[in-house]
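This is what each chain is made of:
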Amino acid sequence: ARVGIGTAIPSAELHVSGNGAMIIPSGTTTQRPTNPIIGMIRFNTTTGRYEGWGSSGAWVDLSI
């Protein structure tokens, strides 16, 4: 039940190997998922920040 991208032997449920980059979902604040699930991560183009849906039941700023 593991998926590997760039690796034949994934060491986690999703293992992406390489030295490039990964594109995650992005959109405005109003385009946020309507039924978010804990652990979702996206880039908010309205705020210019990464955010995640947390156990607090809200989108949390993940930017440092």
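This text goes with the structure placed above it.
Being a predicted model, the structure only gives us computed values, none of them experimental.

Colleague: For this particular structure, what's the right way to read the side chain of Arg42?
Modeller: With respect to the element layout, Arg42 can be found in strand β4 (residues 41-44). Since its relative accessible area comes to 5%, Arg42 is described here as buried. Only 2.7 Å separates the side chain of Arg42 from the side chain of Glu51, close enough to count as a polar contact. Setting aside anything within four residues of it in sequence, one finds Arg42 in contact with Ile24, Pro25, Ser26, Gly27, Thr28, Gln31, Arg32, Pro33, Arg49, Tyr50, Glu51 and Trp59.

Colleague: What is the right way to look at the packing of aromatic side chains in this model?
Modeller: The description of an aromatic ring pair rests on the distance of the ring centres and on the angle between the ring planes. Tallied over the full model, the rule gives two aromatic pairs. Between Phe43 and Tyr50, the aromatic rings sit 4.9 Å apart at their centres with planes inclined by 70°, giving edge-to-face as the arrangement. Summarising the aromatic geometry, the rings of Trp53 and Trp59 are spaced 5.4 Å apart at their centres and angled 70° between planes, so their arrangement reads as edge-to-face. Judged by its relative accessible area of 17%, Trp59 is buried. It is Arg42 that lies over the ring of Trp59; its NZ or CZ is 5.9 Å from the centre.

Colleague: Where do I start with the sheet that holds strand β3 (residues 26-27) in this structure?
Modeller: Two modes of strand pairing occur in sheets, parallel and antiparallel, and in both the strands are linked by backbone hydrogen bonds. Spatially, β3-β4-β5-β6 is the arrangement adopted by the four strands of the open sheet, whose pairing is mixed. Across the chains shown, the open sheet's two edge strands, defined by having one partner strand only, are β3 and β6 (59-61). With four bridges joining them, β4 and strand β5 (residues 49-53) adopt antiparallel strand pairing. Residue pairing in the sheet places Asn44 in a bridge with Arg49 of β5.

Colleague: For this particular structure, what's the right way to read the pattern of salt bridges?
Modeller: Side chains bearing opposite charge may pair, as long as their charged atoms lie close to each other. Within the structure shown, the criterion is met by three salt bridges. Between Glu51 and Arg42 there is a salt bridge, and its shortest N-O distance comes to 2.7 Å. When the shortest N-O distance is used, the salt bridge between Arg49 and Asp61 registers 3.5 Å. Note that Arg49 is positioned in strand β5 and Asp61 in strand β6, a separation of twelve residues in sequence. Bridged by salt links that share partners, the residues Arg32, Arg42 and Glu51 form one connected network.

Colleague: Whenever I open this one, the environment of Thr45 confuses me. Can you help?
Modeller: Tracing the backbone through its elements, the reader meets Thr45 in the loop between β4 and β5. By relative accessible area, which is 42% here, Thr45 ends up partly exposed. Note: C-alpha distance between Thr45 and Gly27 (18 residues apart in sequence) is 5.3 Å. Aside from chain neighbours lying at most four places away, what touches Thr45 is Ser26, Gly27 and Thr28.

Cut-offs applied
- Residues numbered from 1 in each chain as written.
- Predicted model: local features only at pLDDT ≥ 70, side-chain atom pairs only at ≥ 80, totals over all residues.
- Heavy atoms only, no water.
- Helix = DSSP H or I, 4+ residues; strand = E, 2+ residues; numbered from the N terminus.
- Buried < 20%, exposed > 50% of the residue type's maximum accessible area, 1.4 Å probe, protein only.
- Polar contact = N/O pair within 3.5 Å; in protein donor to acceptor, adjacent residues only side chain to side chain.
- Contact = heavy atoms within 4.5 Å.
- Phe/Tyr/Trp six-rings, centres within 6.5 Å; stacked < 30°, edge-to-face > 60°.
- Lys NZ or Arg CZ within 6 Å of the ring centre and 35° of its normal.
- Pairing = 2+ DSSP bridges.
- Salt bridge = Lys/Arg side-chain N within 4 Å of Asp/Glu carboxyl O.

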